[in-house]
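Listed below are the residues making up each chain.
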Amino acid sequence: MSDPLERIAAALERLSPPQPGAADWLSAPAYVWDAAPRAVEAIAAPALALLQGIDPQKALVTENVARLAAGHAAHDMLLWGARGMGKSALLRAAVRAAQEADPAKIALVQVAPEALNGLSGLFTALGKVDRRFLVFIDDLGFEDGDSAGPRALRSWLEGGVEARPANVRLAVTSNRRAIVPRHLSEQDDPINPRDAVDDKLALADRFGLSIGFHACSQDEYLAIVAGYAAALGLAFDESAALEWAKRRGARSGRVAWQFVTELAGRAGRAL
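Below: a short report on this structure. Treat the numbers as computed from the prediction; the structure is a model and nothing was measured.

Structural notes on the pattern of salt bridges
Opposite charge on two side chains allows them to pair when their charged atoms are near.
Alright, step 1. Within the structure shown, the criterion is met by four salt bridges.
Alright, step 2. The closest approach of N and O atoms between Asp 55 and Lys 58, which form a salt bridge, is 3.8 Å. Here the residue Asp 55 and the residue Lys 58 both occupy positions in helix α2 (residues 55-70), the gap between them amounting to three residues, near one helical turn.
Alright, step 3. Judged by its relative accessible area of 47%, Asp 55 is partly exposed.
Alright, step 4. Taking relative accessible area as the criterion, Lys 58 reaches 14% and is therefore assigned buried.

Okay, here's the thing in structure tokens:
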């Protein structure tokens, strides 16, 4: 009987994903965590100076990340708002900037949205490591009818039975301030009309820093293009940059970078 049982046990072990604690959390500047952790050799992020049009947001994020890296009190962060305005790029760039003084002090851990159920286990593993971590969830959103996800995340942020380790903070980007969708019908509910809205906003309220990103003006868009182009030694025509944005129906940092990529390609340059 022992041989079949041993074979079954070995097979189950092979099928089971590694636990979060199995990673070497001291060796890399960043990690991607889904079912298992994976070390990333370098953080892909622009230089902070290239992120134009978001100076107030940049100051808040970089200061908070620097506090975390130094072992000081720091906030969980929700970066919400217009698409393509540099929310996730700013988080990556802020961590990379904090690592310049001492790479060992802080690491970025990006969590796939589908791996949220294991977030508490990840926090437990990271809490045992002598290093600071910014756990990053990009483009988070919950669908209608999903109440378990927002409430679980709310519990992890504040008010759960098990306190989060002091060396770990959470950063989330979302296109919506409330993270979950809201509808006009919520305002018209005759029974406690604010309850549904307040329940959804309660998740956003758990973040110590809730930072809005808004669509940029024409001047801000051109400034972003100019910053990228100058850094790469590329000349550009403002009317061409505006036409590029018009064709895409948006002005944003992402659109600006796409235009500069086109300029580099025309000039035979690699990025």
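Brief notes about the nonpolar core
Alright, step 1. Of all hydrophobic cores here, the largest spans 45 residues; its most connected members are Val 61, Val 65, Met 77, Leu 91, Leu 134 and Tyr 221.
Alright, step 2. Residues contacting Tyr 221, with those up to four places away along its chain left out, are Cys 216, Ala 241, Leu 242, Trp 244, Ala 245, Arg 251, Ser 252, Val 255, Ala 256 and Phe 259.
Alright, step 3. Counting residues in each nonpolar core, the second largest holds 26 residues, with Val 111, Leu 116, Leu 119 and Ala 125 among its members.

Conventions we followed
- Once a new chain begins, its residue numbering starts again from 1 and follows that chain's sequence as written.
- pLDDT decides what is reported in this predicted model: residues at 70 or higher carry local features, side-chain atom pairs at 80 or more are listed and counted, and totals for whole chains, interfaces and linings draw on all residues regardless.
- To obtain the side-chain values, all non-hydrogen atoms of the structure were used and water was disregarded.
- By definition, a salt bridge exists where a carboxyl oxygen of Asp or Glu is found within 4 Å of a side-chain nitrogen of Lys or Arg.
- Only DSSP runs of H or I covering at least 4 residues are called helices, and only runs of E covering at least 2 are called strands; the numbering of each starts at the N terminus.
- The buried label applies to any residue whose accessible area, calculated with a 1.4 Å probe on protein chains only, is under 20% of its type's maximum; exposed applies above 50%, and partly exposed to all values in between.
- In this description, a nonpolar core means a group of buried Ala, Val, Leu, Ile, Met, Phe, Trp, Tyr and Cys residues linked to one another through side-chain atoms lying within 4.5 Å.
- A contact between two residues is defined here by any heavy atoms of the two lying within 4.5 Å.

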